[in-house]
Amino acid sequence: MSSRAGAASTTAADGARRAAWFAGSLVALWAVWSLAAYFADPRYLPSPAAVFAAIGAGVATGDLPYHVGITLLRVAASFLIAMFIGSAIGILMGRWSRFNLFFDSWLTLFLNLPALVTIILCYIWFGLYEAAAITAVALNKIPNVAVTMREGARALSADYSQMARVYRFGRWRTFRHVTLPQLAPFFAAATRSGLALVWKIVLVVELLGRSNGVGFQLYLYFQQFDVTNILAYAIAFIAVVQAIELFILQPWERSVNRWRR
Amino acid sequence: MIALEVDIAAKTFLAEGRASHTAIRDMRFTVDHGEFACLVGPSGAGKTSLLNIIAGLDPDYDGVVRVNADADRLCYMFQSPRLLPWRTVAQNVELVMREDGAREAALRLIDEVGLTKFADAFPGQISLGMQRRAALARAFAFRPSILLMDEPFVSLDESAADGLRSLLADLWRSRGCTVLFVTHDTREAVRLATRIIVFTGPPARVAHDIPVRLSTEERADAAAIEAFRARNLALRQAVAQPSNGEIRVESGLV
């Protein structure tokens, strides 16, 4: 018991030290930025105070939450589609060697296809519609998910599937209690790298063919040469992404990994 | 009445498409309903191959296995516990039950194997001996008609293994299923079995079939077990060795 208490207090001290470093580095960044802005032309590099004022103004008019919200919806839709289709393809490829042999070269092709090409082709083929935008983003992400999930499906333990057969688990119980928990770490990895990729591609899609969303706003402010608002949107967006990581992804991963010591 | 009938002409493993290793040859035996049969043979004699065939995990063999019992309740307890590490002890037991009120029944069995305090622990948090107890609870939660067991108590210290043996003997007596228990330890076999089938190998085949009629008290008595071994097992091996000339393999038994 005493050793456990000792370990807990060490982690607490660790956490405090980390938080201090984190806060310190943010303050330093603010200082460097302020200093640079002091010497620069405010049209090119506004001060952090001005940028945060712009964020405040954007929130007050409701413009910023609206466009960030639209972008979030696109991210969610294309992410879910990509995870679902990519996982299905990846698991099939990992479990079924003929399927893998056949589709391996396709996968390589799509992995190396530049995102911009997929986006342009989707807009040309399907028109400047929401469905085309989401399809384009999902298509960019599917190969990455498939590759990760294929590794997961290959790593499935034969011992546990034998156990499930002996105890007549049936398909559903085997999937839910034996297969899915083994795939969870790969799912988490695909989610992490997936979100990071999807954010960025959604902005490009919005810039090229949508009339709302963060990408569209950035394009607008680029035309107006409004660096303050470009930085305001960028920072607001980073904050939202970090909040999702902190309040959704990390708690989920912790609960899934509870059984690991 | 016969519960299980095994007649395997050959089980051969292939390497690069060619027959490379014969694990079982001409292995024939039957097990009666309610019997506790111990298959005793040296390590590496094809025991796990045999159980995989009987459990239906390996369809690739030459011969017949007939199950004259509820085949859907044929259960196999592996050498390693194979509990799902991401489910708690109670969940692991509950998962194999299909009846209503599975949770309560699972907890009763967990209590019977002495794991009540660890019902909500994950398998990685308890010792191997406790994991084996949980695996035993899971096997009986399945209400097996026939229970196959593959050296389920190896790599435990003697007192932990013996605790598990008494537990198994109790569960078998109260639940009344047919058990086919594989081991290389003749003491363990005499302690538990109503019948010992001695086999040689590889390739595995039956050498002797010895009934064990000992009382519960005698089974708990190390001297009685030694006496039984001296009377039945050592003697038969001495006779068997010159006749089939497999001294190297059979000496592993004593």
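Residues numbered from 1 in each chain as written. Chains lettered and ligands numbered in written order. Predicted model: local features only at pLDDT ≥ 70, side-chain atom pairs only at ≥ 80, totals over all residues.

**A few points about the overall build of chain A**
Reasoning step 1: For chain A, the count of helices and strands is ten helices and zero strands.
Reasoning step 2: Secondary structure elements in chain A, listed N-terminal to C-terminal, are α-α-α-α-α-α-α-α-α-α.
Reasoning step 3: Taking 18 Å as the expected radius of gyration for a compact globule of 261 residues, we find that chain A reaches 23 Å, considerably beyond that expectation.
Reasoning step 4: With the C-alpha coordinates of chain A rotated into their principal frame, the extents come out at 70 × 65 × 30 Å.
Reasoning step 5: Counting over 261 residues, chain A shows a buried share of 31%.
Reasoning step 6: A sequence separation of at least 24 residues applies to 72% of the contacts in chain A between residues at least 6 apart. (Helix = DSSP H or I, 4+ residues; strand = E, 2+ residues; numbered from the N terminus. Rg over C-alpha atoms; globule rule 2.2 N^0.38 Å. Buried ≥ 20, exposed ≤ 12 C-beta atoms within 10 Å, placed from the backbone. Contact = placed C-beta atoms within 7 Å.)

**Details of the nonpolar core**
Reasoning step 1: One finds Ala37, Cys38, Val93, Leu148, Phe181 and Ala193 of chain B to be the most contacted residues of the largest nonpolar core, which totals 76 residues.
Reasoning step 2: Here this core gets eight residues from one element, more than from any other, and that element is helix α4 (residues 128-141) of chain B.
Reasoning step 3: Discounting residues that sit within four places of it in the chain, Leu148 of chain B has contacts with Leu51, Ile54, Ala55, Cys75, Tyr76, Met77 and Leu180 of chain B.
Reasoning step 4: Grouped together as the second largest cluster of nonpolar side chains are 44 residues, Ile134, Ala138, Ala153 and Phe187 of chain A included. (Core = buried A, V, L, I, M, F, W, Y, C linked by C-beta atoms within 7 Å.)

**Digging into the sheet that holds strand β6 (residues 146-150) of chain B**
Residues and elements named next belong to chain B.
Reasoning step 1: One open sheet holds the six strands; their spatial order is β5-β6-β7-β3-β8-β9, and the pairing between them is mixed. With one partner strand each, in any of the chains shown, β5 (74-77) and β9 (205-211) form the two edges of the open sheet. Across the sheet, the axes of successive neighbouring strands diverge by a mean angle of 20 degrees, strand direction being ignored.
Reasoning step 2: The pairing of strand β3 (residues 36-40) with strand β8 (residues 195-200) spans four bridges and is classified as parallel. Directly across from Val40, in β8, lies its bridge partner Val198. (Pairing = 2+ DSSP bridges. Axes fitted to C-alpha atoms, helices over the stretch in contact; angles between N-to-C directions.)

**Some details on the interface of chain B and chain A**
Reasoning step 1: Tallying the contact residues gives 16 residues for chain B and 14 residues for chain A.
Reasoning step 2: Taken together, the residues that form the side of chain B that touches chain A break down as eleven nonpolar, two polar and three charged. (Nonpolar A, V, L, I, M, F, W, Y, C, P; charged D, E, K, R; others polar.)

**Details of the pairing of β3 of chain B**
All names here are of chain B.
Reasoning step 1: Among the five residues that make up β3, five are buried, leaving the element largely enclosed by the rest of the structure.
Reasoning step 2: Side chains Phe36, Cys38 and Val40 project from β3 onto one buried face, and the interleaved Ala37 and Leu39 project onto a second face that is buried too.
Reasoning step 3: In terms of strand pairing, β3 meets strand β7 (residues 178-183) through five bridges, oriented parallel. Bridge pairing in β7 links Cys38 to Phe181.

These figures capture arrangement, not role.
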